[in-house]
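# Observations on the three-dimensional arrangement
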Amino acid sequence: MNNWKQTILIALMASPGCVAIALLALPLFAKSQSLPVPIETLQFATMSQSFLLVILASVAGTRLGPMVGLGAPVLSAIANRGDMLSASRPLWMPGVIGGLIGAVVIVGFHAYSPSELAATQGKMAIPLSVRVLYGGITEEVLVRWGLMTLLVWVGWRIFQQASEKPHSSVVWMAICLSALLFGVSHVPATAAILGTVPAMTFAYVVIVNAIFGVVAGCLYWRYGLEAAIIAHILAHLLAYLVRG
C-alpha cells in the first residue's frame, strides 16, 4: 500500500509540469509554425501524453527502484509516515552543489551556442515556471525515476543476474544512456525554433544537456530523486538570475 502512496505522491508532484509545458510553453513554439490542428487540440494531446508518461514513470520507479538500490528517501518517508527531516538532511548539500554545476552548464550553453542558435536567444524565452515545474520536477521523474531506473534494472537482469544488486558499471551505463536520451529530448524544441537542426547544433544541444544529465543521474544514484530535483530546480533559478 505504501508503494502506491509513493507512486501517487510522485505522479502528483510531476503533474503541474505537464500542465505548464502544454499551456505555457507549447504556444510559444506554435507561433513559428503552421499547425495542422488547432492549438487547443495540440495542448490537450501534449498534456495527456505527459500525464501518461508520468504515471508510467512513477510506477516503474517505485516498483523497480528498491530492487536496484534507487529511491526517493523523502517521499518514501512521507508515504511511510517516517522522519521527513532526517531523510532530507543528507541530500541538500549535494543538491545545491549539483544546482551550481547545472547553472554553469545552462549559462555556458547560451554563452557558447552555435551562431544559428545564438541568433534566436530572447525571441522565444521559456517562462521560468515551465523551467522549474517541467524541467526541474517532471523531467527528473520521467528521465531519472522512470527511465534511468528501468535501464539499471534491465542491465542488471541481462548482465548481472547472479548479483544481488547491480554493480556500479551497470549504474554508470544507465546514467550515461539516460543522460544522452535526456539530451536528445531537447532537440525537438530546438527544431521548432530553427526549423532545421544542423549536425553541429544537434551534437551541441545533446552533449551539453547530457552533461547535466550525468550530474543529475549521479545525484539520484547516490542521494535519491529529491537531490536531482533540487539540483535541477536550483540550476534553472540561478541561470535565470544570471541571464534571465
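In case you missed it, the structure is sitting above this.
A short tour of the structure in this document, coming up. (Residues numbered from 1 in each chain as written. Predicted model: local features only at pLDDT ≥ 70, side-chain atom pairs only at ≥ 80, totals over all residues. Heavy atoms only, no water.)

## Examining the overall build of the protein chain
- For the protein chain, the count of helices and strands is 10 helices and zero strands.
- Put simply, the protein chain runs from its N terminus to its C terminus through helices and strands in the order α-α-α-α-α-α-α-α-α-α.
- Computed over the C-alpha atoms, the radius of gyration of the protein chain is 18 Å, within 12% of the 18 Å expected from 2.2 N^0.38 for a compact globule of 244 residues.
- Considered along the principal axes of its C-alpha atoms, the protein chain spans approximately 50 × 35 × 35 Å.
- When burial is assessed residue by residue, the protein chain has 46% of its 244 residues classed as buried.
- At a minimum sequence separation of 6, the contacts of the protein chain that also span at least 24 residues come to 79%.
- Total accessible area computed for the protein chain in this model is approximately 12100 Å², and 71% of it derives from carbon and sulfur atoms.
- Averaging the positions of the 12 positive and the 7 negative side-chain charges in the protein chain gives two centres separated by 3 Å. (Helix = DSSP H or I, 4+ residues; strand = E, 2+ residues; numbered from the N terminus. Rg over C-alpha atoms; globule rule 2.2 N^0.38 Å. Buried < 20%, exposed > 50% of the residue type's maximum accessible area, 1.4 Å probe, protein only. Contact = heavy atoms within 4.5 Å. Areas by Shrake-Rupley, 256 points an atom, 1.4 Å probe, with all protein chains shown as cover. Lys, Arg positive; Asp, Glu negative; His and termini not counted. Charge placed at Lys NZ, Arg CZ, Asp CG, Glu CD.)

## Examining helix 10 (residues 225-243)
- Between its first and last C-alpha, helix 10 extends 27 Å over 19 residues, near the 27 Å set by a 1.5 Å rise per residue.
- Within the sequence span of helix 10, burial applies to Leu 225, Glu 226, Ala 227, Ala 228, Ile 229, Ile 230, Ala 231, His 232, Ile 233, Ala 235, His 236 and Ala 239. (Expected span 1.5 Å × (residues − 1).)

## Describing the packing of helix 4 (residues 84-111) against helix 10
- Where helix 4 meets helix 10, the closest approach of the two axes is 6 Å, and the angle between their N-to-C directions is 40°. Between helix 4 and helix 10, the angle falls in the class oblique. You can see that helix 4 and helix 10 cross each other, and the crossing is right-handed. Residues Leu 91, Trp 92, Gly 95, Val 96, Gly 98, Gly 99, Leu 100, Gly 102, Ala 103, Ile 106, Val 107 and His 110 of helix 4 form the contact with helix 10, whose participating residues are Glu 226, Ala 227, Ile 230, Ala 231, Leu 234, Ala 235, His 236, Leu 238, Ala 239, Val 242 and Arg 243.
- For the contact of helix 4 with helix 10, a count of residues per class yields 15 nonpolar, six polar and two charged. (Axes fitted to C-alpha atoms, helices over the stretch in contact; angles between N-to-C directions. Parallel < 35°, antiparallel > 145°, perpendicular 65-115°, else oblique. Left-handed = near helix turned anticlockwise from the far one by under 90°. Nonpolar A, V, L, I, M, F, W, Y, C, P; charged D, E, K, R; others polar.)

## Observations concerning the packing of helix 2 (residues 39-68) against helix 6 (residues 128-159)
- At their nearest, the axes of helix 2 and helix 6 sit 8 Å apart, and the two run at 45° to each other. It follows that helix 2 is oblique to helix 6 by the angle criterion. Note on packing geometry: the crossing formed by helix 2 with helix 6 is left-handed. Here Leu 53, Val 54, Ala 57, Ser 58, Ala 60, Gly 61, Thr 62, Leu 64, Gly 65, Met 67 and Val 68 of helix 2 come into contact with helix 6, specifically with Thr 138, Val 141, Leu 142, Trp 145, Gly 146, Thr 149, Leu 150, Val 152, Trp 153 and Trp 156.

## Let's talk about the pattern of salt bridges
- Scanning the model with the defined rule gives one salt bridge in all.
- The salt bridge involving Glu 140 is made with Arg 144; its shortest N-O contact spans 2.7 Å. Of this pair, Glu 140 and Arg 144 both sit in helix 6, four residues apart, which is roughly one turn of that helix. Arg 144 carries the same exposure label as Glu 140, and that label is buried. (Salt bridge = Lys/Arg side-chain N within 4 Å of Asp/Glu carboxyl O.)

## Re the environment of Thr 149
- In this fold, Thr 149 is placed in helix 6.
- Residues Thr 149 and Ala 60, 89 residues apart in the sequence, show an inter-C-alpha distance of 7.6 Å.
- Setting aside residues no more than four positions away along its own chain, Thr 149 makes contact with Ala 60, Gly 61, Leu 64, Gly 65, Val 68, Leu 70, Arg 144 and Tyr 220.
- Of the polar contacts made by the side chain of Thr 149, one reaches the backbone oxygen of Trp 145; its length is 2.8 Å. (Polar contact = N/O pair within 3.5 Å; in protein donor to acceptor, adjacent residues only side chain to side chain.)

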